[in-house]
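# Understanding the architecture of this molecule
Spelled out from the first residue to the last, the chains are:
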Amino acid sequence: MRKMGKIYLIGIGYRPLTEEGRKRLEAARVILASERLLTVFAGYAEYENNKDKILVINNVEETLAFLADQLAGGDKLPAVLLASGDPLFFGIGRLALDRFGANRVEILPDLSSIQAAFAGVKEPWDDALLISLHGGPFPQRRREFPYSPEDLPLMLRRHPKIAVLTDGVNNPAVIARALGYENDVKIYVCQRLGYADQSILQGTPEEMAAKSFAEPNLVIVKREAKASRDDAGFGLTEDEIHHSRGLITKDEVRAVALHKLRLPARGTLWDIGAGSGAVAIEAAGVCPGLRVFAVERDKEQLGHINQNKTRYLVANLVVVAGEAPEALFGLPAPDRVFIGGSGGRLTEIIALVAQRAAPLVVINAATIESLNVALSSLEKEGYEVEVSEISVARARKIAGKRSFTALNPVFVITGQRTS
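Residues numbered from 1 in each chain as written. Predicted model: local features only at pLDDT ≥ 70, side-chain atom pairs only at ≥ 80, totals over all residues. Heavy atoms only, no water.

Summing up its helical and strand segments, the protein chain has 14 helices and 19 strands in all. Looking at the 419 residues of the protein chain, the share that counts as buried comes to 47%. Taking all contacts inside the protein chain whose residues are at least 6 apart in sequence as the whole, residues at least 24 apart take part in 71%. Approximately 20,400 Å² of the protein chain is accessible, and the part contributed by carbon and sulfur atoms is 50%. Each charge class in the protein chain can be summarised by its mean position, and for the 51 positive and 51 negative side chains these summaries are 3 Å apart. (Helix = DSSP H or I, 4+ residues; strand = E, 2+ residues; numbered from the N terminus. Buried < 20%, exposed > 50% of the residue type's maximum accessible area, 1.4 Å probe, protein only. Contact = heavy atoms within 4.5 Å. Areas by Shrake-Rupley, 256 points an atom, 1.4 Å probe, with all protein chains shown as cover. Lys, Arg positive; Asp, Glu negative; His and termini not counted. Charge placed at Lys NZ, Arg CZ, Asp CG, Glu CD.)

Reading across the sheet, the five strands line up as 3-2-4-1-5 and stay open at both edges, with parallel pairing between neighbours. Strand pairing shows two members of the sheet lacking a second neighbour, strand 3 (54-56) and strand 5 (105-108), which therefore form its edges. With strand direction ignored, the average angle separating the axes of adjacent strands in the sheet is 25°. Examined bridge by bridge, strand 2 (residues 30-33) and strand 4 (residues 79-84) share three bridges and lie parallel to one another. What sits directly across from Ile 31, in strand 4, is Val 80. Lying on the sheet, helix 1 (residues 19-27) is in contact with strand 1 (7-12), strand 2, strand 4 and strand 5; it crosses strand 1 at an angle near 130°. Packed on one face of the sheet, helix 4 (residues 60-72) meets strand 1, strand 2, strand 3 and strand 4 and runs near 160° to strand 2. (Pairing = 2+ DSSP bridges. Axes fitted to C-alpha atoms, helices over the stretch in contact; angles between N-to-C directions.)

Here the focus is the packing of aromatic side chains. Applying the stated criterion across every chain yields a total of four aromatic pairs. Considering the side-chain rings of Phe 41 and Tyr 47, the 5.8 Å spacing of their centres and the 80° angle between planes classify their relative orientation as edge-to-face. By the burial criterion, Phe 41 is buried, and Tyr 47 matches it. Centre to centre, the rings of Phe 118 and Trp 125 are 6.2 Å apart; their planes meet at 15°, and the pair counts as stacked. What makes Trp 125 partly exposed here is its relative accessible area of 33%. Taken together, the ring pairs connect Phe 41, Tyr 44 and Tyr 47 into an aromatic cluster. Above the plane of the ring of Tyr 383 lies Arg 417, whose end atom (NZ or CZ) is 4.5 Å from the centre. (Phe/Tyr/Trp six-rings, centres within 6.5 Å; stacked < 30°, edge-to-face > 60°. Lys NZ or Arg CZ within 6 Å of the ring centre and 35° of its normal.)

Grouped together as the largest cluster of nonpolar side chains are 31 residues, with contacts concentrated most on Leu 261, Leu 263, Leu 269, Val 292 and Leu 317. Examining the composition of this core, we find that six residues originate from one element, helix 11 (residues 278-286), more than from any other. Each residue touching Leu 269, except ones within four places of it in the same chain, is listed here: Leu 261, Leu 263, Ala 283, Leu 290, Arg 291, Val 292, Phe 293, Arg 336, Val 337 and Phe 338. Membership of the second largest hydrophobic core comes to 27 residues, among which are Phe 293, Val 337, Leu 352 and Ala 365. (Core = buried A, V, L, I, M, F, W, Y, C linked by side-chain atoms within 4.5 Å.)

Along its 13 residues, helix 14 (residues 368-380) runs 18 Å from first to last C-alpha, staying within 8% of the 18 Å computed at 1.5 Å per residue. All of the buried residues in helix 14 are Leu 371, Ala 374, Ser 377 and Leu 378. For helix 14, the arc enclosing every buried residue in end-on projection is 145°, short of the 170-degree limit, so these residues lie on one face. Residues of helix 14 that are exposed and point over 90 degrees away from its buried face: Ile 368, Glu 369, Glu 379 and Lys 380. (Expected span 1.5 Å × (residues − 1). Arc of directions from axis to C-beta.)

Along any regular strand, the residues point their side chains to alternate faces of the sheet. Looking at chain direction, strand 12 (residues 290-296) and strand 13 (residues 317-321) are connected through five bridges and run parallel. If you follow Glu 296 over to strand 13, its bridge partner there is Ala 321. Between strand 12 and its parallel partner strand 13, the chain crosses via helix 12 (residues 299-312), and the hand of that crossover is right-handed. (Right-handed = clockwise from strand over helix to strand, strands pointing away.)

This part takes up the side chain of Glu 296. The residue Glu 296 is located in strand 12 in this model. Here Glu 296 is buried and forms no salt bridge, its nearest opposite-charge partner Arg 297 lying at an N-O distance of 5.3 Å. A distance of 3.3 Å separates the side chain of Glu 296 from the backbone nitrogen of Ala 274, its partner in a polar contact. For Glu 296, the side chain forms a polar contact with the main-chain nitrogen of Gly 275, separated by 2.7 Å. Those residues in contact with Glu 296, other than ones at most four positions away along the chain, are Gly 273, Ala 274, Gly 275, Gln 301, Leu 302, Ile 305, Val 320, Ala 321 and Gly 322. (Salt bridge = Lys/Arg side-chain N within 4 Å of Asp/Glu carboxyl O. Polar contact = N/O pair within 3.5 Å; in protein donor to acceptor, adjacent residues only side chain to side chain.)

Residues with a pLDDT of 70 or more make up 92% of the protein chain, whose mean pLDDT is 88. The lowest-confidence element of the protein chain is helix 7 (residues 152-158), averaging 79 in pLDDT; the highest-confidence one is strand 14 (residues 336-339), averaging 97. (pLDDT = per-residue confidence, 0-100.)

This part takes up unusual backbone geometry. With an omega of 0°, the peptide bond running from Glu 215 to Pro 216 counts as cis. Among the secondary structure elements, Pro 216 is positioned in the loop between helix 9 (205-209) and strand 10 (217-223). At the junction of Ala 324 and Pro 325, the peptide bond is cis and its omega measures out at 10° in the coordinates. Within the secondary structure layout, Pro 325 lies in the loop between strand 13 and strand 14. For Ala 357, which is not a glycine, the phi torsion comes out positive at approximately 65°.

Next up on the list: the pattern of salt bridges. This structure, assessed with the given rule, holds 20 salt bridges. In this structure, the salt-bridge partner of Asp 127 is Lys 161, at a minimum N-O distance of 3.1 Å. Pair noted here: Asp 127 is in the loop between helix 6 (113-121) and strand 6 (129-132) and Lys 161 is in strand 7 (residues 161-165), with a separation of 34 residues, a long-range link. Among the ionic pairs, Arg 254 bridges to Asp 251, the shortest N-O distance being 2.6 Å. One end of the pair, Arg 254, and the other, Asp 251, are both in helix 10 (residues 251-261), three residues apart, so they sit about a helical turn from each other. Looking at Arg 254, the relative accessible area reads 1%, which means it is buried. The network of salt bridges with shared partners includes Arg 297, Glu 323, Glu 326, Arg 345 and Glu 348.

Structure (structure tokens):
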């Protein structure tokens, strides 16, 4: 049986190599490194004996392609890829495992930059939120849930300590400006960790917004005041959501719609005709790793969505002002779609949703006409359809006795792709 070639990812930057790491370097046919990591590796005792094997490739895709060619050629000698810190912490480890599989990849991590940074500022980090704003060479391959600097103020209200991996675009000054000039926020910028000239700067957002910083760096943001929190979990009531004139998905109907959506932990949800954002807000709160796009054309309703977003600290909610289907064109492909309002363009919207290959669509319809359009349009686009009629009656006291008043029934239509 032919021996299978291996790729070894060795993290460097903070500690001497382990015995296992030294053995893998000596046995390797080639050692791949970027120019930046080559500078770091040059300070290691193992550099002199292995420098003739080093191949410098700065582009990640070219690096992975080189390794793929080597494995495809049946090369039994292992290759070593030098990585920064822990390759599995927002690093190349994820890409290597996805590309080559766990049987072909061995990982020997160093300390992560996060560990080194928190040790440097003398702060525990078991209670910190860790995020990445680092796009690297593949901005399109950010984490499934991509953050932006503008999300940080809301996130900081829920998580009083956040560590942020940066890049040249989302740098410490940009982060500081996004945070505004609040007195109770402190920023630590940890520069060139693992290099001989590493340093840590600290200051307020206002002080940091005007500075420039050495790369690579990461940022730790800490709010000194106790974080405020207003949960947007499952079970918000109509009275707890800003809305206009009763124009809101009723609690019982919203519960059914969210159940039918079978929300994934990560991915993208479109809430089309979001109204006050009741479904979007609750979905974003239940699944903080889900990116929720609330699409609405009415200015008053857009104001309500933004008020609700701020109140419930759902940084993963993106408010999109515009009319569907046109407002949907630039959005990432959806994993789930909820349609609460269509402005009479339900057929067009469903056609676009199908074109974007949404696997599951849930539609609330208040009229038989809308129900018929939803059924025919979903079936035309190849969805298997189920319908539930939700009839709700609520008790109220009249003359000291309770009686029930019925709300208008709502049809909840579910369309699912089977292939």
